[in-house]
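Survey of secondary and tertiary structure
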Amino acid sequence: MAIISVMGVHFFQDEGPIGLAIGVDIFFVLSGFLITKLMLKADDRDPHFDQAYFRNFYRRRFTRLMPALFGVTGVYLLLGPLLIDFPLKRVAAEVIASLTFTYPFLAAVGVDNGLGLLPMWSLSVEIWFYVIWPPVLGYLLRHSLPRRRIAIGLALSAVAFSCYGH
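Residues numbered from 1 in each chain as written. Predicted model: local features only at pLDDT ≥ 70, side-chain atom pairs only at ≥ 80, totals over all residues. Heavy atoms only, no water.

A look at the environment of Leu137
Within the secondary structure, Leu137 is located in helix H5 (residues 120-142). When the C-alpha positions of Leu137 and Leu40 are compared, they lie 8.9 Å apart, and in sequence the two are 97 residues distant. Setting aside anything within four residues of it in sequence, one finds Leu137 in contact with Thr36, Met39 and Ile150. (Helix = DSSP H or I, 4+ residues; strand = E, 2+ residues; numbered from the N terminus. Contact = heavy atoms within 4.5 Å.)

See the structure below:
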């Protein structure tokens with residue numbers, strides 16, 4: 001459903017961002033659920049999983065994502081100015097923001113919409129989730145917070161962020 005709703009927005013751009021928002025939200029929820037479930041399983045096996053687990057977690061994520069990211073940004077850097085008719089400075093800004101996972105901040109520095117690498121904003125958000133959530137959950141688990149309290153806190157946080165965004 002998530003993929004179909006995102007594809008629908010890309011094919012029918014005049015139909016609005018609702019499908020994109022729903023599709024990306026579904027993806028983020030599933031990704032967060034999977035990461036949390038994997039960490040809880042690792043904690044069940046070894047409550048002292050910290051450093052080795054995180055090292056392997058980040059290595060797996062980056063070896064899965066980085067080759068494709070380097071390929072896409074490299075091709076865009078070479079062909080973007082020719083095929084899309086964007087100035088090289090703009091293309092370079094998008095490539096740097098993609099490689100540093102700061103793509104959502106491009107608008108804040110004056111790079112307007114119609115970006116060639118626009119899907120990189122969701123990858124940036126995903127990477128920041130990977131950077132922030134595992135250590136936070138690891139901290140909560142290390143300090144023996146009951147999982148029920150963690151779940152209630154997460155649910156309340158999700159509701160608060162959802163209300164804030166609308």
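Comments concerning the packing of aromatic side chains
Per the counting criterion, the structure on display carries 2 aromatic pairs. Ring centres 6.2 Å apart and planes at 75 degrees place the aromatic pair Phe62 and Phe101 in the edge-to-face group. Here Phe101 lies in the loop between helix H4 (88-99) and H5 and Phe62 lies in helix H3 (residues 50-83), a separation of 39 residues in the sequence. Residue classification places Phe62 among the partly exposed positions, given a relative accessible area of 29%. Residues Phe129 and Trp133 carry aromatic rings whose centres are separated by 6.4 Å and whose planes lie at 20 degrees to one another, so their mutual orientation is stacked. Here Trp133 and Phe129 lie together in helix H5, a separation of 4 residues that amounts to about one turn. Judged by relative accessible area, Phe129 falls into the partly exposed class, the value being 31%. Judged by relative accessible area, Trp133 falls into the buried class, the value being 10%. The cationic tip of Arg61 hangs over the ring face of Tyr130; the distance from NZ or CZ to the ring centre is 5.5 Å. (Phe/Tyr/Trp six-rings, centres within 6.5 Å; stacked < 30°, edge-to-face > 60°. Buried < 20%, exposed > 50% of the residue type's maximum accessible area, 1.4 Å probe, protein only. Lys NZ or Arg CZ within 6 Å of the ring centre and 35° of its normal.)

So, unusual backbone geometry
Phi at Phe101 takes a positive value of approximately 60 degrees, unusual for a residue other than glycine. The exposure class assigned to Phe101 is buried, which follows from its relative accessible area of 10%.

What to know about the side chain of Thr73
Relative to the helices and strands, Thr73 resides in helix H3. In this structure the side chain of Thr73 is engaged in a polar contact, spanning 3.3 Å, whose partner is the backbone oxygen of Phe70. Every residue in contact with Thr73, bar those within four places of it in the chain, is listed here: Val95, Ser98, Leu99 and Leu117. (Polar contact = N/O pair within 3.5 Å; in protein donor to acceptor, adjacent residues only side chain to side chain.)

A few points about the environment of Leu77
Structurally, the position occupied by Leu77 is in helix H3. The class of Leu77 is partly exposed, set by a relative accessible area of 36%. Taking the C-alpha atoms as reference points, Leu77 and Val91, separated by 14 residues in sequence, lie 6.2 Å from one another. Leave out the neighbours within four places in its chain, and Leu77 touches Leu88, Val91, Ala92 and Val95.

So, the environment of Gly32
Along the chain, Gly32 falls in helix H2 (residues 18-45). Here Gly32 falls in the buried class, since its relative accessible area comes to 10%. A C-alpha to C-alpha distance of 9.8 Å links Gly32 and Pro134, two positions 102 residues apart in sequence.

Topic: the confidence of the model for the protein
Per-residue confidence for the protein gives a mean pLDDT of 77, with 75% of residues at or over 70. Looking at the elements of the protein, mean pLDDT is at its lowest for helix H1 (residues 2-11), recorded as 67, and at its highest for H4, recorded as 88. (pLDDT = per-residue confidence, 0-100.)

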